[in-house]
Amino acid sequence: MAEGGHYDIVILGGGSGGYACALRAAEFGKRVALIEKDKVGGTCLHRGCIPTKALLHAAEVADSSRESGKFGVRTAFEGIEMPAVLSYQQGVVERLWKGLQSTLASRKIDMIYGDGRLTSTTSVTVNGAVYTGDHVVLATGSEPRSLPDLTLDGVRVISSDDALLLDRVPSSAIILGGGVIGVEFASVWRSFGADVTIVEMAPQLLPLEDEASAKVLQRVFRRRGIGFELGAPFQSVSYTDSGVQVTLGTGKQLDAEVLLVAVGRGPVSAGLGYEENGVTITRGFVDVDPLCRTKVPTISAVGDLIYIPEIAHPQLAHVGFAEGILVAERLGGLDVRPIDYDGVPRITYSDPEVASVGITAAQAAQRGINVVEVNYPLGGNGKSVILQTQGQAKVIAEAPSVPGGQPGRVLGVHLVGSRVGELIAEAQLIVNWDAEPDDVAALIHPHPTQSEIIGEAHLALAGKPLHFHA
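Throughout what follows, the structure given in this document is the object of discussion. (Residues numbered from 1 in each chain as written. Predicted model: local features only at pLDDT ≥ 70, side-chain atom pairs only at ≥ 80, totals over all residues. Heavy atoms only, no water.)

**Details of the pattern of salt bridges**
Thinking step 1. Under the defined criterion, the tally for this structure stands at 22 salt bridges.
Thinking step 2. In this structure, R190 engages D195 in a salt bridge whose closest nitrogen and oxygen atoms are separated by 3.5 Å.
Thinking step 3. Residue classification places R190 among the partly exposed residues on the basis of a relative accessible area of 24%.
Thinking step 4. D195 gets classed as partly exposed once you look at its relative accessible area, which sits at 48%. (Salt bridge = Lys/Arg side-chain N within 4 Å of Asp/Glu carboxyl O. Buried < 20%, exposed > 50% of the residue type's maximum accessible area, 1.4 Å probe, protein only.)

Shown next, in the form of structure tokens:
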């Protein structure tokens, strides 16, 4: 490991955005230093995407064992052994982590481990050693946040990081926040046998998703026995002999063993020297333009850390990847384009899954766009019936420009049901390549697959429905 030195690019933070930038920059022949205080891979690999999806898969197995009788398969569900679940989870993480380290080494990227701090517009100091670069990329990511006066103790009032390490299934849980993190943990814990209630201030679960998708999710969650309080502000929490008691702004009180605080993630930027070296900050986020440039010419920033004025910036690992690549290609001399964040696919890996790309009906209305839409129920899809899943595919397109004409561009695709996250890649191509329903209707989807719900919805919008009736 180098002890200080000069590089073409110094990257502070080895999460999704940081290591993607390093890998792509190395392909341009850049000499890169990647600085990470913990383990390369960051939140996504170690405390987010991967470990949570491992838990969700274990939950799916638990549900399958309980419900196998309806498929004529005799099994018995005997319970959850959390230490074994965590061992499986960690095995997945370790394998991917080792692979990532090997990939970085093969690209001859210098890994520097330790707490880094920006000490000039072209340098980062780690453990007393100074690493200078022609360019510095800030990629320090995010961390679980809480509410004012709500203290996380790691035992009864916990964050998602704490929840991933629980060596037991809580008998009951209140989840504060009905976004992606809250919904996924509610799904896991319910499959593992816990009583779960979600508290969400917004009028629906998954507030950023289309209202129709949220209604389907809420209906299935009710059947699964997952409770939720919508439009309910949090007021306070107190300890009881058996756990916690949460009081809502409505006056209602809820009791549980643990309270999971899942109200979002905040940027990791405090005390890292950003503002002292000319980087402007908004509510802790680093201000950048659509090409991820800060106001300091030698400094860029990517990932969960950044704020782009007038753009809803999603905190997603694949967005970090894309931004890291964008910065590397810009520094490599390529003519890069801003990311279209509307065109980024989003997935909530609960049971059922919720997947979407493009804008919602509400966003279309806010933008003054007249639309037509269709909701295709999974009950008309053979593979979905085989899987015994319920949900729908909703497609939103520009309204015809003339009466009786064909709809224009597809603006959004919103899916709910088991495994629909695997379908959103096709929807991404439809939305991002400005396809119209008639274009997609001409494509032949294999039967029987769930991908047919994409084709059927577009057939209906194009005015030639097949397995569908209003």
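Now that the structure is up, let's keep going.
**Concerning unusual backbone geometry**
Phi is mostly negative for residues that are not glycine, and the peptide bonds are mostly trans.
Thinking step 1. Geometrically, the link from D351 to P352 is a cis peptide bond, its omega value of 5 degrees lying close to zero.
Thinking step 2. With respect to the helices and strands, the residue P352 is situated in the loop between β21 (346-348) and β22 (353-358).
Thinking step 3. Cis geometry is adopted by the peptide bond preceding P448, which originates at H447 and carries an omega value of -5 degrees.
Thinking step 4. The topology assignment puts P448 in the loop between α12 (437-441) and α13 (452-461). (Helix = DSSP H or I, 4+ residues; strand = E, 2+ residues; numbered from the N terminus.)

**Here's the deal with the sheet that holds strand β14 (residues 253-256)**
Neighbouring strands of a sheet are bound in pairs by backbone hydrogen bonds; such pairs are parallel or else antiparallel.
Thinking step 1. Strand order in the open sheet made by the three strands is β12-β13-β14, with antiparallel pairing throughout. Since the sheet does not close on itself, it has two edges, and those belong to β12 (234-239) and β14, each with one partner. Ignoring strand direction, the axes of neighbouring strands in this sheet form an average angle of 20 degrees.
Thinking step 2. Looking at chain direction, strand β13 (residues 244-248) and β14 are connected through four bridges and run antiparallel. Among the inter-strand pairings, V244 is bridged to a residue of β14, identified as A256. (Pairing = 2+ DSSP bridges. Axes fitted to C-alpha atoms, helices over the stretch in contact; angles between N-to-C directions.)

**Description of the nonpolar core**
Thinking step 1. Among the nonpolar cores identified, the biggest contains 55 residues, and I11, L34, L104, L138 and Y274 are the most heavily contacted of them.
Thinking step 2. Sort the elements by how many residues they give to this core and helix α1 (residues 16-27) lands first, with six residues.
Thinking step 3. Discounting residues that sit within four places of it in the chain, Y274 has contacts with L12, L118, L138, T140, V268, S269, V279, I281, V286 and L305.
Thinking step 4. Of all hydrophobic cores here, the second largest spans 34 residues; its members include L56, A186, W189 and I226. (Core = buried A, V, L, I, M, F, W, Y, C linked by side-chain atoms within 4.5 Å. Contact = heavy atoms within 4.5 Å.)

**Here's the deal with the environment of I386**
Thinking step 1. Looking at the secondary structure, you find I386 in helix α10 (residues 382-387).
Thinking step 2. By relative accessible area, which is 52% here, I386 ends up exposed.
Thinking step 3. Residues I386 and F71, 315 residues apart in the sequence, show an inter-C-alpha distance of 9.5 Å.

**Some details on helix α8 (residues 317-331)**
Thinking step 1. Taking 1.5 Å of rise per residue, the 15 residues of α8 would be expected to cover 21 Å, and the 21 Å separating its terminal C-alpha atoms lies within 8% of that figure.
Thinking step 2. Buried residues of α8: A317, V319, G320, E323, G324, L326, V327, A328, E329 and R330, and no others.
Thinking step 3. If you follow the buried residues of α8, they end up packed against α1, α2 (42-47), α3 (49-67), β6 (129-138), β19 (299-301) and β20 (306-307).
Thinking step 4. G333 sits one or two positions beyond α8 and adopts a positive phi of about 95 degrees. (Expected span 1.5 Å × (residues − 1).)

**Observations concerning the sheet that holds strand β17 (residues 281-282)**
Thinking step 1. Taken in spatial order, the three strands make up an open sheet running β17-β18-β20, and their pairing is mixed. The sheet is open, and its two borders are formed by β17 and β20, each paired with just one other strand.

**Side note on the pairing of strand β25 (residues 410-417)**
Thinking step 1. In terms of residue burial, β25 counts as a mostly covered element, since eight of its eight residues are buried.
Thinking step 2. Note that β22 and β25 share six bridges and pair antiparallel. Paired with E353 across the two strands is G417, which belongs to β25.
Thinking step 3. In the sheet, strand β24 (residues 392-398) pairs with β25 via six bridges, with the strands oriented antiparallel. Among the inter-strand pairings, K394 is bridged to a residue of β25, identified as H414.

**As for the pairing of strand β15 (residues 258-261)**
Looking along a regular strand, one sees side chains alternate from face to face of the sheet.
Thinking step 1. Neither face of β15 is exposed, since V258 and L260 on one face and L259 and V261 on the opposite face are all buried.
Thinking step 2. Relative to β15, strand β8 (residues 157-158) runs parallel, the two being bridged by two bridges. Looking across to β15, one finds that I158 is bridged to L260.
Thinking step 3. Bridge analysis of strand β9 (residues 172-176) against β15 gives four bridges, and the strand direction is parallel. Among the inter-strand pairings, I175 is bridged to a residue of β15, identified as L260.

**Side note on the packing of aromatic side chains**
Thinking step 1. Applying the stated criterion across every chain, the model contains three aromatic pairs.
Thinking step 2. Judged by centre distance (5.6 Å) and plane angle (50 degrees), the ring pair of F185 and W189 falls under tilted. You can see F185 and its partner W189 sitting in helix α6 (residues 180-191), four residues apart, about one turn around the helix. Of the two residues examined, F185 and W189, each falls in the buried class. (Phe/Tyr/Trp six-rings, centres within 6.5 Å; stacked < 30°, edge-to-face > 60°.)

**Some words on the packing of α6 against helix α7 (residues 211-224)**
Thinking step 1. Between α6 and α7, whose axes approach to 11 Å, the crossing angle comes to 25 degrees. Looking at the two axes, α6 sits roughly parallel to α7. Pair α6 / α7 crosses with left-handed handedness. The residues of α7 that touch α6, namely those facing V183, A186, S187, R190 and S191, are L217, F221 and R224. (Parallel < 35°, antiparallel > 145°, perpendicular 65-115°, else oblique. Left-handed = near helix turned anticlockwise from the far one by under 90°.)

**Section: the side chain of S187**
Thinking step 1. Of note, S187 is situated in helix α6.
Thinking step 2. One polar contact links the side chain of S187 to the main-chain amide nitrogen of D351, over a distance of 3.0 Å.
Thinking step 3. Not counting chain neighbours up to four residues away, the residues in contact with S187 comprise L56, F221, R224, I226, S350 and D351. (Polar contact = N/O pair within 3.5 Å; in protein donor to acceptor, adjacent residues only side chain to side chain.)

**Considerations on α13**
Thinking step 1. With respect to burial, α13 is a largely interior element, 10 of its 10 residues being buried.
Thinking step 2. Residues E452, I453, I454, G455, E456, A457, H458, L459, A460 and L461 constitute the buried set of α13.
Thinking step 3. Of the surrounding elements, those touching the buried residues of α13 are β23 (371-377), β24, β25, α11 (424-432) and α12.
Thinking step 4. One or two positions beyond α13, positive phi appears at G463, with a value near 85 degrees.

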